Every structure is written in structure tokens, then in C-alpha cells.
Amino acid sequence: MTRPVIFLDFDGVLNTEQYQAKLATEGKPTKDVWGPLFAPLAVENLRQIIDFTDAWIVISSSWRYVHSLDSLRMMWEVRGLPGEICGTLACGATYISRGEEIECWLERNGRPDYVIIDDLDDFSTAPSDHYIETNPIVGITEADAHKAIEIIQNSTIYKREKVFERIRNSETAARWREAFQEMRSESIAKQQKRHAFLSDIVKEYTNLEDFAREKSEFIEMMSVEMGSGEKCVSLHFQLNYNEYEQYFVIPTVDGKLAVSYVIWWQNEVCANEILNIFTGETYDNDDAIYTNY
């Protein structure tokens with residue numbers, strides 16, 4: 001997880017005493033099916049934090065004991081609240097402090113950058129410089145929002161991600177991506193030609209053993225290494241010191257032999273890759289070799 005996280009309480013943070021009193025005075029509804037309505041100003045200040053930091057939300061509020069994660073996400077959508085809920089703190093039977101619950105969550109989720117927004121200090125185990133205590137009368141203020149943004153933006157992971165983002169979006173990176181794409185296009189064009197050449201050789205065969213026996217000398221004369229197995233005959237082209245392509249002759253459902261569209265090769269960044277040379281799809285499992293022809 002690389003996006004920062006806001007551990008968010010509701011009561012005294014979004015659900016404020018001032019807004020509830022205002023609604024009651026005006027004779028308006030103070031709650032919906034989920035509970036008390038949130039103060040618009042506090043919600044907008046939360047939105048400001050998310051807009052600046054792209055943070056996820058983890059619900060630390062006691063509302064998580066009443067509503068499931070799916071229900072809270074539905075509330076978020078229905079109420080038009082900002083950001084995205086990625087989870088809640090655990091709802092264990094044994095009481096531990098909210099700070100301990102947050103520490104457990106961080107350990108399980110790779111310790112992303114975070115800020116805690118709550119109106120009650122129950123965070124003896126959490127670093128105080130990650131905690132913002134709100135006034136329950138007004139909830140998240142603009143000053144609180146600025147402090148939360150500052151906490152996240154001063155964190156090491158956030159700074160590193162921003163550096164990487166600038167690098168990824170730079171003109172140099174764009175030129176490298178274009179160069180790699182051009183190299184790959186040239187490689188695939190050559191692979192398709194070699195595939196057509198090999199396909200013409202194997203099309204008359206129906207048996208791997210016969211093909212391997214009759215064509216081994218011819219294949220070797222091309223400085224191609226042949227390997228025989230139960231499911232295929234492999235043809236290894238060592239193009240230069242650090243570049244190779246390996247094609248596979250396989251039986252088809254109609255009883256003939258074909259050359260699989262899927263090859264092994266060393267790609268433009270010198271990494272081994274399983275590639276479909278006609279679709280550009282890559283695979284993690286070489287079983288794809290035997291079903292693409």
C-alpha cells in the first residue's frame with residue numbers, strides 16, 4: 001500500500017455538536033438511517049485533505065461496530081462524502097486502545113504514511129506527530145486540514161512517491177517509454193517472421209517424435225538448439241550474448257503440429273518474459289504455450 005491513510009473518527013470530527021444544534025433549531029432532520037448527519041463544513045475540510053494527498057480512509061469510529069464496511073461505503077456514496085474507504089479498524093471482542101488498534105492495522109498493511117483525526121486522545125502507542133485532535137463542537141477545521149496535509153506531505157514515503165511521480169511524468173521518461181515501445185515493435189515483427197518460417201516447416205508433421213528426428217540436423221545447421229519433451233519440441237534461438245527467443249512446436253486438437261504463438265524471450269530490459277507475439281499479452285504461467293496456436 002503506497003497511498004497515505006486517514007484514520008477517521010466520526011463523532012466530534014464530522015458529526016459535530018454545532019451542526020446538530022443548528023439542524024434541531026431549524027426543525028430539520030438531524031439523522032438518516034445510518035445516524036447523525038455530518039457537518040458540511042467539516043466534510044469539505046476532509047475533502048481538502050484528500051484532494052491534496054490522495055489519501056484513503058480507514059474508519060476508526062465506533063460506528064464500525066454498528067455498521068458493516070459495505071454499509072459504511074454505501075453511506076459514503078449516498079451522502080456524497082469525499083474519498084474512498086479502504087477498510088476499518090478491527091472490531092475485536094477484547095478492548096484495546098484505539099492507538100493499539102491503529103498500530104496493529106499499520107503492521108498488517110505495510111505501514112503507509114498516515115494521520116489520525118479524532119476528538120479523543122486514546123493514542124498513547126501512536127506517535128503524537130501523526131495525531132490531530134478536533135474540537136467536537138466544530139469538528140475538522142481548515143487549520144486541522146492544513147495540519148493533516150502537512151503531516152502527510154512531510155512523510156518519507158509521500159516524498160519518495162512524489163519524486164517517482166515526477167520522474168514517471170518527465171519528458172525523459174516519456175522518451176524512454178517511446179524508445180522501448182519502438183524496440184518491442186521491431187522485435188515482435190521479427191518474431192512473427194520467424195514464427196511464419198517455423199510454421200511452414202512443421203505444417204506437414206503430425207508427430208513430435210517424427211519432427212524432432214527428421215528436422216534435428218536442419219535445425220542445428222541454423223545454430224538453433226532443439227529440445228524434445230512429451231508436450232512440445234522447443235527451438236532456442238540465441239540471438240546474441242544477452243538476447244534469446246524460444247519457440248515451441250506443439251500438437252493441436254486436429255492432430256497436426258503447429259508453432260505456439262506464445263514464446264519465451266528476453267525482453268528489451270533484459271528480463272525473461274512469456275509473450276504472445278500476436279496479441280502482446282504476457283503470462284505468468286507457461287501453460288499458455290500449449291493453448292495458443
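Quick note: structure is the one above.
The structure displayed is predicted, hence computed values, not measured ones.

Visitor: So what exactly am I meant to see when it comes to the packing of aromatic side chains here?
Guide: Each aromatic ring pair is described using two quantities: the centre-to-centre distance and the angle formed by the ring planes. Applying the stated rule across the entire model yields ten aromatic pairs. Ring geometry for F10 against W63: centres 5.0 Å apart, planes inclined by 90°, an arrangement best described as edge-to-face. Linking F10 in the loop between β1 (5-8) and α1 (17-25) with W63 in the loop between β2 (56-59) and α3 (69-78), this pair joins segments that are 53 residues apart in sequence. On the basis of relative accessibility, which here comes to 0%, the residue F10 falls in the buried class. Residue classification places W63 among the buried residues on the basis of a relative accessible area of 7%. Taken together, a centroid distance of 5.4 Å and an interplanar angle of 40° make the contact between F38 and W63 tilted. Of the two residues, F38 is situated in the loop between α1 and α2 (40-53) and W63 in the loop between β2 and α3; the sequence distance between them amounts to 25 residues. For the residue pair F38 and W63, the accessibility class agrees, reading buried in each case. Grouped by ring-pair contacts, the aromatic residues F10, F38, W63 and W76 constitute a single cluster.

Visitor: In this structure, what is going on with the packing of helix α7 (residues 171-202) against helix α8 (residues 208-221)? I would like to understand it.
Guide: In helix packing, the relevant descriptors are the interaxial angle and the interaxial distance, both defined with respect to the helix axes. Where α7 meets α8, the closest approach of the two axes is 11 Å, and the angle between their N-to-C directions is 130°. Classified by the interaxial angle, the pair formed by α7 and α8 is oblique. On the side of α7, the interface is formed by F197, I201 and V202, while α8 contributes F211, K215 and F218. Taken together, the residues of the contact of α7 with α8 break down into five nonpolar, no polar and one charged.

Visitor: Sorry if this is basic, but what is going on with the sheet that holds strand β5 (residues 131-133) here?
Guide: Within a sheet, adjacent strands bond to each other through the backbone by hydrogen bonds, running parallel or antiparallel. Pairing is parallel in the open sheet, where five strands are placed in the order β3-β2-β1-β4-β5. Every interior strand has two partners, whereas the edge strands, β3 (85-88) and β5, have only one. On average, each strand axis in the sheet is tilted by 20° relative to the strand beside it, whichever way the strands run. Sheet analysis places β2 next to β3, joined by three bridges and oriented parallel. From the neighbouring strand, V58 faces β3, where its bridge partner is G87. Across the face of the sheet, α2 comes into contact with β1, β2 and β4 (114-118) while running at roughly 160° to β1. Across the face of the sheet, helix α4 (residues 98-108) comes into contact with β1, β2, β3 and β4 while running at roughly 150° to β1.

Visitor: Would you mind going over α1 with me for this structure?
Guide: Because each turn of an α-helix spans 3.6 residues, side chains separated by three or four positions end up pointing in the same direction. Y19, Q20 and L23 are the residues of α1 that are buried. Projection of α1 onto a plane perpendicular to its axis shows the buried side chains occupying an angular sector of 100°, all on one side. With respect to the buried face of α1, the exposed residues turned more than 90 degrees away are A24 and T25. Summarising the contacts, the buried residues of α1 are in contact with α2. In the segment just after α1, G27 is the residue with positive phi, at about 70°.

Definitions and cut-offs
- Residues numbered from 1 in each chain as written.
- Predicted model: local features only at pLDDT ≥ 70, side-chain atom pairs only at ≥ 80, totals over all residues.
- Heavy atoms only, no water.
- Phe/Tyr/Trp six-rings, centres within 6.5 Å; stacked < 30°, edge-to-face > 60°.
- Helix = DSSP H or I, 4+ residues; strand = E, 2+ residues; numbered from the N terminus.
- Buried < 20%, exposed > 50% of the residue type's maximum accessible area, 1.4 Å probe, protein only.
- Axes fitted to C-alpha atoms, helices over the stretch in contact; angles between N-to-C directions.
- Parallel < 35°, antiparallel > 145°, perpendicular 65-115°, else oblique.
- Contact = heavy atoms within 4.5 Å.
- Nonpolar A, V, L, I, M, F, W, Y, C, P; charged D, E, K, R; others polar.
- Pairing = 2+ DSSP bridges.
- Arc of directions from axis to C-beta.

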